[in-house]
Structures are given as structure tokens and as C-alpha cells.
Protein chains: 2
Amino acid sequence: MASIKDVAARAGVSVATVSRVLNSHPSVSPEARARVLAAVDALGYRPNAVARSLRTDQTRTLGLVISDVLNPYFTELARSVEEEARALGYSVIIGNADERPELQDHHVRTLLDRRIDGLLVSPTDGGSPLMLDAARAGTPMVFVDRWIPGVDVPVVRADGRAAIRDLVAHLYGLGHRRLAIIAGPAATTTGSERVEAFRDALREHRLALPEAYIGHGDFQADSGRRSTEAFLALPEPPEVVFAADNLMALGALDAIRAHGLRVPHDIALAAFDDIPWFVHTDPPITAIAQPTGELGRAAVRALVDRIEGRPPQSVTLPARLVVRSSCGEHAPTRRSNP
Amino acid sequence: MASIKDVAARAGVSVATVSRVLNSHPSVSPEARARVLAAVDALGYRPNAVARSLRTDQTRTLGLVISDVLNPYFTELARSVEEEARALGYSVIIGNADERPELQDHHVRTLLDRRIDGLLVSPTDGGSPLMLDAARAGTPMVFVDRWIPGVDVPVVRADGRAAIRDLVAHLYGLGHRRLAIIAGPAATTTGSERVEAFRDALREHRLALPEAYIGHGDFQADSGRRSTEAFLALPEPPEVVFAADNLMALGALDAIRAHGLRVPHDIALAAFDDIPWFVHTDPPITAIAQPTGELGRAAVRALVDRIEGRPPQSVTLPARLVVRSSCGEHAPTRRSNP
DNA sequence: ATCCTCCGTGTAATCGATTCCAGGGGCTCG
DNA sequence: CGAGCCCCTGGAATCGATTACACGGAGGAT
């Protein structure tokens with residue numbers, strides 16, 4: 001592959017001049033510029049990003065460590081992140097943690113080794129030493145969706161409290177009284193927060209959230225299945241299952257179906273995170289939708305601000321309830337979209 | 001961030017020795033090794049992958065350019081690719097083309113600029129000059145899922161012909177005679193191939209595939225919607241719609257629903273590419289499943305073989321029909337899985 | 001005419017690693 | 001006792017860029 005030296009030789013100039021042309025430095029004569037450009041063209045020369053990064057100490061690359069690529073929510077997040085980053089002149093390297101802290105660390109480590117300019121993380125756990133060290137060492141970093149408390153890192157996320165209150169009100173209005181939740185890992189903010197919000201909302205209706213009605217999931221389909229089975233085995237099973245993410249809702253649906261029960265006739269189901277398929281499941285699933293694309297874009301903007309020396313800002317956007325039919329039909333406060 | 005020089009200084013050795021320790025070169029005294037390791041530890045030193053790559057001319061990184069991250073099929077592919085690559089000591093950088101050739105080129109270009117060791121591509125089109133040049137220039141490359149004819153690049157893919165024949169037989173057995181297909185872009189192999197296989201299978205039953213029954217989609221949900229609307233507007237609409245990928249099936253479902261029709265009562269639906277959600281749609285969708293994980297792994301193995309100087313092999317794995325209820329009930333040849 | 005300025009250019013240092021080569025020192029063997 | 005070898009080590013070149021610095025020449029000001 002042709003290097004800058006080859007271009008210089010062919011154009012009859014020094015490598016410095018070639019570099020100047022490539023970086024559109026002003027003091028280059030038009031003739032030299034033309035000759036360099038011609039040589040670049042003739043050789044099909046492309047600057048070596050590796051060498052450039054070594055010299056300039058910047059890679060114009062962002063790392064994105066997401067909790068699970070198979071989750072459509074994160075996939076959509078990744079897409080909007082890449083889009084915004086590209087618009088700002090950055091590339092994105094995605095690391096998939098599969099909800100496993102050690103895999104998350106693996107990706108953070110290799111991303112750091114590659115000297116990415118900044119890191120976007122949706123932490124799978126309460127924060128490994130590695131990640132904490134990186135944050136303290138001054139690696140530009142922004143948390144998306146989930147975050148780690150007590151670390152001085154901007155957070156871009158959706159606030160689901162209001163939507164969860166709306167959901168509980170909706171369920172209450174439908175006559176449901178025994179509401180269960182399949183939570184995410186307590187180590188994640190979204191795991192604990194959604195339970196808290198749910199509990200608080202129940203309290204407003206003078207409803208309790210017994211321990212048996214809290215499923216301890218891990219944001220994966222299988223845990224949704226297991227939790228739901230545990231609920232169904234209870235002497236008094238819940239009337240509603242609220243899954244804290246879409247994959248666990250899928251698992252719950254599997255389990256309900258395996259028991260020969262029907263939604264919402266026998267048991268109601270709702271989920272956090274809305275995805276296109278929820279419109280077409282049997283029945284369409286009532287869900288809480290996050291402004292995913294906007295979150296991704298805001299996260300990138302915050303990170304790039306931080307990288308380029310501007311003060312980054314935390315952002316919290318509201319989530320909203322999308323009512324469908326998985327919790328019962330009469331649907332008085334219909335805010336759904338098609 | 002600490003560099004190899006800092007480590008050398010602290011350990012009281014030269015950078016050469018540090019490098020030797022790091023690369024477990026045999027000729028280093030135990031004492032020197034211990035001192036270096038201690039210094040590495042004390043400084044939290046991590047080798048700069050950028051510098052290393054510049055020197056060794058290898059990045060131990062694979063590029064993966066997929067057609068669409070929002071498509072669960074590709075997301076699963078990406079996951080298995082990353083997994084296998086990690087097992088072999090490589091990282092993966094994913095580029096999402098969003099089914100847009102110019103975006104695909106953008107990613108191929110930046111990946112090449114970063115001097116990735118090899119490229120895994122699922123081409124969005126018939127092959128841009130850039131990609132063709134890269135292949136000719138000897139960039140290690142492997143096509144996954146889709147490929148470009150006439151280029152000497154190994155292909156790892158699923159063969160859907162047999163499964164499509166099974167599907168058509170299934171449909172025919174159910175009494176359907178007017179079968180339509182929503183195809184992908186003709187420029188993609190999977191786009192044209194699936195239509196061909198479908199047409200051939202129809203012929204075996206002495207059925208024709210009129211032009212009006214071929215929807216020209218682009219593998220995105222919206223095109224599935226539009227094609228289906230066109231079908232429904234026909235004086236004699238088809239009895240079955242077969243979508244060449246899962247996103248277009250989703251769009252078809254939207255359109256059918258918008259017309260107030262029901263599947264499979266009013267019109268049957270089947271799709272290429274099976275995804276977990278198809279079990280839970282209303283009704284569960286009959287689909288052709290690819291061995292996605294195996295494809296991803298095989299593709300990585302082929303690429304790494306190529307990179308490391310072993311002869312790479314093309315791989316073709318069979319897809320299989322998964323019968324559910326979206327084409328009608330009586331289901332005689334039930335091969336479904338739960 | 002002389003001096004200063006500015007423009008265009010090239011030389012060379014530099015980024016952080018890897019690796020070739022040479023050399024010092026200890027050991028074996030004749 | 002000396003030659004030769006191996007082991008360990010450090011010096012220095014190198015990868016492909018960017019960029020500080022120096023320098024020559026042209027043009028303007030006095």
C-alpha cells in the first residue's frame with residue numbers, strides 16, 4: 001500500500017508538503033497542490049490512520065459498550081450513536097457486553113488500548129475497578145441509559161418514573177390489583193430504578209409490592225421466562241406482569257404461553273422499552289417507549305463536547321407510555337400510537 | 001498515559017527488554033522479567049495498540065460491514081462474528097450500511113484506512129469499484145450471506161433453495177395457488193436468488209409467478225408495506241405473501257392489518273429469516289431459518305485462515321423451513337420447533 | 001539599494017512500539 | 001589458558017504520518 005513517501009516522490013515534493021496538502025494547510029502553492037493531488041490520485045493513496053493517530057494522539061473514534069446487541073433497544077441506540085458520530089466526524093467501535101461484566105471489561109480494555117478518544121458506556125454492573133479508574137484517569141466518558149452513581153461522568157438517559165406511574169394508573173383503572181415486576185439486576189441503575197418507581201406508583205394506589213412479586217431477572221429472555229414461571233407457581237399469582245425490558249417480556253410471553261394461559265385474559269403483560277414487534281405480537285404489547293434515537297444523539301454530543309474541551313451536559317429525557325391491548329381491553333386513556 | 005519508556009525507566013532496563021517481556025520473548029532473565037512486570041503493574045501500563053499496529057503492520061482487527069443493524073438477523077450474525085473473532089484473538093469493528101451503497105463504501109473506506117487485517121462483507125449492492133479494488137488489491141476478504149459474483153472471494157452463506165421448495169410445497173398443500181413474493185434488491189444475491197428459487201419451486205407445481213406478484217423491496221419494513229399494499233390493490237390479490245426478509249414481513253403485516261385483513265384467514269404470510277419474535281406475532285409466522293450463528297463463525301474462520309496464510313474455504317449451509325400458523329392451519333408436515 | 005517580511009518548502013524530530021545487530025560476560029571445551 | 005558459544009541486554013533503525021524550525025527567494029517599504 002502506497003505511503004506518503006511514495007506520493008512525495010511521485011509529485012517531486014517532500015513528505016511535509018504532501019501532508020500539508022492533505023490537511024489543507026494554507027501555505028502550499030497551487031502548483032504543488034495540484035501535483036500532490038495528481039499523485040494521490042494516481043497511486044490511490046489513502047493516509048494510514050494508524051500512523052496518523054500515533055502522531056496526533058487522537059483516533060477520531062468513539063467506543064460504545066452496550067449491554068446486549070441482541071436487544072433491539074440497544075441496537076437502535078447503537079445506530080443513532082453511529083449516525084451522530086459520523087456527522088461529527090467520528091467513527092464508532094461497538095463492544096457488546098452480553099450483560100456480562102467481565103466481557104464489558106474486556107471491551108473497555110481493548111477500546112482503551114486502541115486509544116479511542118472517548119467512551120460511551122451503558123454499564124452492566126455497578127462499575128468495575130477498570131472503568132472507575134478510566135473515569136478517574138480522565139478518559140472522556142459518558143453513560144447512556146444506565147449509569148454508575150458516585151462517578152463524575154455525564155449521564156444521558158430516559159426518566160421512566162412518570163411513564164411507570166401512567167402505566168400503573170392504567171393497570172389500576174383496568175381493575176388490576178396484584179401487580180408483579182420482573183426487575184433487572186440490582187447492580188444496574190435501570191434495574192433498581194424501575195422497581196423503585198413501580199413500587200412508588202403502587203403506593204399511590206395503596207397497593208403493596210410483596211417480595212414474591214419481584215422477579216430478579218438479568219435483562220435476558222431466559223430470566224423473564226423463569227421469573228414468570230415462579231409467579232405462575234404462586235398460590236396467588238399476579239394479575240399483571242411488568243417486565244423491565246423487552247427481552248424479559250419475550251421470555252414472559254413464552255412462559256405464559258407454555259402454561260396455556262392467554263394474554264390479557266388470564267394475565268396481563270407490559271414491558272419497558274418499546275420495539276416495532278410489539279405492535280404485532282399476540283396481543284400487541286403495552287410498553288413504555290424511550291426516545292432512543294434522541295438519547296443516542298445526545299450522548300454523542302455530550303461526549304464530543306467533553307473530548308473537544310467544551311463542558312458536557314447530562315441529559316434526561318422523558319419516556320412515555322404506549323397503551324396497546326396486552327393489559328386488558330377497555331382502554332379508557334388511550335394514548336397509543338398505531 | 002504511561003509508555004514503554006516509563007516502564008523501562010522504572011524497571012531500570014531498556015525498552016527492548018520491556019518489549020521482550022511483553023511479547024514473552026524467551027531470552028529475558030527472570031530478574032529482569034520480574035522487575036518489568038512490577039513496573040508494568042505499578043504504572044498500570046498498557047501497550048499502545050496504535051503504535052504496535054504501526055510497527056507490526058497488523059491490527060488484529062476484523063472489519064464487518066453489515067447491511068442493516070436494525071435487522072435481527074444481522075445483529076445475531078454480528079454477535080457470533082465477534083464471539084468467534086474474540087476466541088481467535090481478534091477484535092471486530094462493525095460498520096452498518098443501512099442498505100445504502102454509499103454508506104457501505106464509507107465504512108469500507110474507513111475500515112481500510114484503519115488497516116484492519118481483514119474484511120467481512122455482506123454487500124448491499126453489486127459491488128462498488130472501491131470494494132472490487134480492495135478485493136483485487138489483495139485485502140483479505142470474505143463475503144457473508146450475500147456475495148458479489150465474479151470476484152475471487154470466499155463466500156459463507158446459507159442455501160435457501162431447498163427450504164423455499166419446502167415452503168412452496170407446504171403452501172401448495174394448504175391449497176394456496178396465487179403466491180406472491182416481496183423480493184430484495186436485484187443487485188443483491190439474496191435479492192435475486194430467493195425470487196429464482198421461489199419461481200423454480202412454483203414451476204414444479206405448474207404455477208406461474210406473474211410480474212404483478214413480484215414486489216420490489218429493499219429489505220426494509222417500509223418497502224414490505226408498500227409492496228403488500230400494491231398486492232392488495234390488485235384485481236386478483238395473492239393468497240400468500242412471501243417476504244424475502246423479516247423486516248419486509250413486518251411491513252407486510254402492518255399493511256395487511258391496516259387493510260383490516262387477517263392472517264392467515266384472509267391472506268397467508270411467510271418470511272425468509274426466522275427471529276425469536278415470530279413465535280409471538282399474531283399469528284406466529286412461518287419462516288425459513290438460517291443457521292446464523294454457524295454462518296458467522298464459519299465466516300470468521302475463513303477470514304482468519306486467509307489472513308494467516310491458510311487457504312480459506314467457502315461454506316454453504318442449508319436453511320430450513322419452520323412451519324407455524326401464518327399460512328393456514330392444517331399443518332400436515334409439521335417440522336416446527338417451539 | 002538595503003532591509004524586513006512573508007511565503008513556500010524541506011529537513012528532521014517525534015509519537016510508541018518492535019526487532020536487528022552488536023557486544024559484554026560467563027561457561028564449556030580443547 | 002584461550003577460543004568459541006550462548007545468553008542477556010541495550011542501541012538504534014523503523015513503521016507512516018505531523019509539525020517545529022530553518023532557509024531561500026520574492027516583494028514591499030524606506
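Residues numbered from 1 in each chain as written. Chains lettered and ligands numbered in written order. Predicted model: local features only at pLDDT ≥ 70, side-chain atom pairs only at ≥ 80, totals over all residues. Heavy atoms only, no water.

Engineer: So what exactly am I meant to see when it comes to the protein's contact with DNA strand D here?
Structural biologist: As a structural note, the neighbourhood of DNA strand D is formed by 26 residues, with Ile4(A), Ser19(A), Tyr45(A), Asn48(A) and Arg55(A) the closest of them. Arg55(A) has a polar side-chain atom sitting 2.4 Å from a base oxygen of DNA strand D. For the surface near DNA strand D, the secondary-structure elements that each account for two or more residues are α1 (4–11), α2 (15–22) and α4 (49–56) of chain A together with α2 (15–22) and α4 (49–56) of chain B. The greatest single-element share of the surface near DNA strand D, amounting to five residues, is contributed by α4(A). Taken together, the residues of the surface near DNA strand D break down into 11 nonpolar, 10 polar and five charged. (Near = heavy atom within 4 Å. Polar contact = N/O pair within 3.5 Å; in protein donor to acceptor, adjacent residues only side chain to side chain. Helix = DSSP H or I, 4+ residues; strand = E, 2+ residues; numbered from the N terminus. Nonpolar A, V, L, I, M, F, W, Y, C, P; charged D, E, K, R; others polar.)

Engineer: Would you mind showing me how to read the relation of the copies chain B and chain A here?
Structural biologist: Both copies of the chain are tied together by a single rotation about an axis and a shift running along it. Superposition of chain B onto chain A requires a rotation of 180° combined with a translation of 0.0 Å along the rotation axis, giving an RMSD of 0.0 Å. Both copies of the chain, as the preceding transformation shows, are related through a two-fold rotation axis. Within chain B, Thr281(B) has its C-alpha nearest the rotation axis, a separation of 1.9 Å. (Least-squares fit on C-alpha atoms with pLDDT ≥ 70 in both.)

Engineer: How should the interface of chain B and chain A be read in this particular structure?
Structural biologist: Often, the extent of an interface is quoted as the loss of accessible area upon association of its parts. Each partner contributes residues to the interface: chain B has 49 residues there, and chain A has 49 residues. Across the chain B/chain A interface, buried area totals approximately 4400 Å², and carbon plus sulfur atoms make up 60% of it. Of all residues in chain B, Arg115(B), Trp277(B) and His280(B) bury the most surface against chain A, accounting for 19% of the area lost on that side. At the boundary of chain B and chain A, one finds four salt bridges. In this structure, Arg46(B) and Asp113(A) form a salt bridge, with 2.6 Å as the shortest nitrogen-oxygen distance. In this assembly, chain B and chain A are joined by 19 residue pairs in polar contact (both at pLDDT 80 or more). Elements that contribute at least two residues to the side of chain B that touches chain A include exactly α4, α5 (72–87), β2 (91–96), α6 (101–113) and α11 (246–258) of chain B. With seven residues, the top contributor of residues to the side of chain B that touches chain A is α5(B). Here the residues of the side of chain B that touches chain A sort into 22 nonpolar, 12 polar and 15 charged. (Contact = heavy atoms within 4.5 Å. Buried area = accessible area lost by both parts, 1.4 Å probe. Salt bridge = Lys/Arg side-chain N within 4 Å of Asp/Glu carboxyl O.)

Engineer: Before we go on, may I ask you to explain the protein's contact with DNA strand C in this structure?
Structural biologist: In the vicinity of DNA strand C there are 26 residues, among which Ile4(B), Ser19(B), Tyr45(B), Asn48(B) and Arg55(B) approach most closely. Here DNA strand C approaches the protein such that, of its atoms within 4 Å, sugar and phosphate make up 57%. Ser19(B) is positioned such that a nitrogen or oxygen atom in its side chain is 2.5 Å from a phosphate oxygen of DNA strand C. Here a phosphate oxygen of DNA strand C sits 2.6 Å away from a polar atom, N or O, in the side chain of Tyr45(B). Elements that contribute at least two residues to the surface near DNA strand C include exactly α2 and α4 of chain A together with α1 (4–11), α2 and α4 of chain B. With five residues, α4(B) is the single largest residue contributor to the surface near DNA strand C. Within the surface near DNA strand C, the residues separate by chemical class into 11 nonpolar, nine polar and six charged.

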